[in-house]
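# Analysis of the macromolecular model
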Amino acid sequence: IGGHLAAPMAASAFGASWLLLETVGFFERFQSITISWSRPDVLSLLVYFSLTALFLFWNRLTRWRVVLLALALLSANLLVWQKALAGPPRLEVYFLDVGQGDAAVIRFPNGRIMAIDAGNGGRIAYDYGRRVVVPFLRYSGWNKIDLMLITHADADHCGGLRAVLERIPVDQLMITPHPCEKPLFLDALSLARTLGIAVDTICGYDTLDGIWPARGFVYSRPDTVENGNETSLICYLQYGDRSFFFSGDMGPELQGHLYRRGLLSRCTVLKVPHHGARHNNSRGL
């Protein structure tokens, strides 16, 4: 009996949740009426609720007016001093959970934002670009990507790119010169050019500009090989005594290629190739 009673209740809850999510998704398409808020801290919330209470309940608060006004002014004062006394900016590197795929976001000390890959996506697959990468950027208060790197054209790396380009302004997009006929990648690339985004095809070695006091480089093989994994656009970053190596889906062939050119050295943090697959990760790595 319990199961028969619970089934309609569960179905009703599912229907209500589905309707709510679909409604939010519908209005999300209209970016002109969507306001993105970054994560507020405790002091910001205190200021907001104190001023809201004063505005809505001014006549009822009587003696509490002074208390709420003092609380709002104290919180605003602490908020200003919190910003003024904050330590020097640092390099922030975030690896996002996009299932079997890659997506990382880097915030440099000078405030510039770089994203590497965007997880899987498209009309059929779960769109990690729309449901993970974009919400993370908005939650963090980062409303623009200065540089977007796509390591290669596999769906689990570039599938969410279109959703990101549709919702977040991107100044520059870096890709590899590897010939590709994969629809998801070509569709996103076409959108980038339509939006006027600068698309740079990296062929060989190039340093990353505008990220001081961090430094780094990108590299893509100038020669053509059949396996797209072996032409992954790799990225190396260094900040102080910490270094990061983003390898895409680099295989043993590209690994040896980088060794011979002196571009593969020890690093503090390694984004392992091909999600840790054994055949793409030798013991020497």
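For the structure itself, look to the data block above.
Quick look at the structure, then. This is a predicted model, so every value here is computed, not measured. (Residues numbered from 1 in each chain as written. Predicted model: local features only at pLDDT ≥ 70, side-chain atom pairs only at ≥ 80, totals over all residues. Heavy atoms only, no water.)

What follows concerns helix α9 (residues 252-260). Turning to α9, its buried residues are Leu254, Gln255, Gly256, His257 and Leu258. Among the structural elements, β8 (215-220), β9 (234-239) and β10 (242-246) are those in contact with the buried residues of α9. (Buried < 20%, exposed > 50% of the residue type's maximum accessible area, 1.4 Å probe, protein only. Helix = DSSP H or I, 4+ residues; strand = E, 2+ residues; numbered from the N terminus. Contact = heavy atoms within 4.5 Å.)

With that settled, the discussion passes to the packing of helix α2 (residues 42-56) against helix α4 (residues 64-84). Close contact between α2 and α4 brings their axes to 8 Å; oriented N to C, the two are set at 155 degrees. With respect to α4, the element α2 is oriented roughly antiparallel. In this structure, α2 crosses over α4, and the sense of that crossing is left-handed. Counted together, Leu43, Ser44, Leu46, Val47, Ser50, Leu51, Ala53 and Leu54 of α2 and Arg65, Leu68, Leu69, Leu71, Ala72, Ser75, Ala76, Leu78, Leu79 and Gln82 of α4 form the full contact between these two elements. (Axes fitted to C-alpha atoms, helices over the stretch in contact; angles between N-to-C directions. Parallel < 35°, antiparallel > 145°, perpendicular 65-115°, else oblique. Left-handed = near helix turned anticlockwise from the far one by under 90°.)

It is worth spelling out the sheet that holds strand β5 (residues 170-175) at this point. Ordered in space as β1-β2-β3-β4-β5-β6, the six strands form an open sheet in which the pairing is mixed. Here the strands that pair on one side only, and so sit at the sheet edges, are β1 (92-95) and β6 (198-201). This sheet shows a mean twist of 15 degrees between the axes of neighbouring strands, independent of strand direction. Its contacts with the sheet put helix α8 (residues 183-194) on β5 and β6, and the angle it makes with β5 is roughly 140 degrees. (Pairing = 2+ DSSP bridges.)

Here Thr176 is to be found in the loop between β5 and α8. Note: C-alpha distance between Thr176 and His152 (24 residues apart in sequence) is 6.6 Å. Discounting chain neighbours no more than four positions away, the residues touching Thr176 are Ile150, Thr151, Thr201, Ile202, Ser220, Thr231, Ser232 and Leu233.

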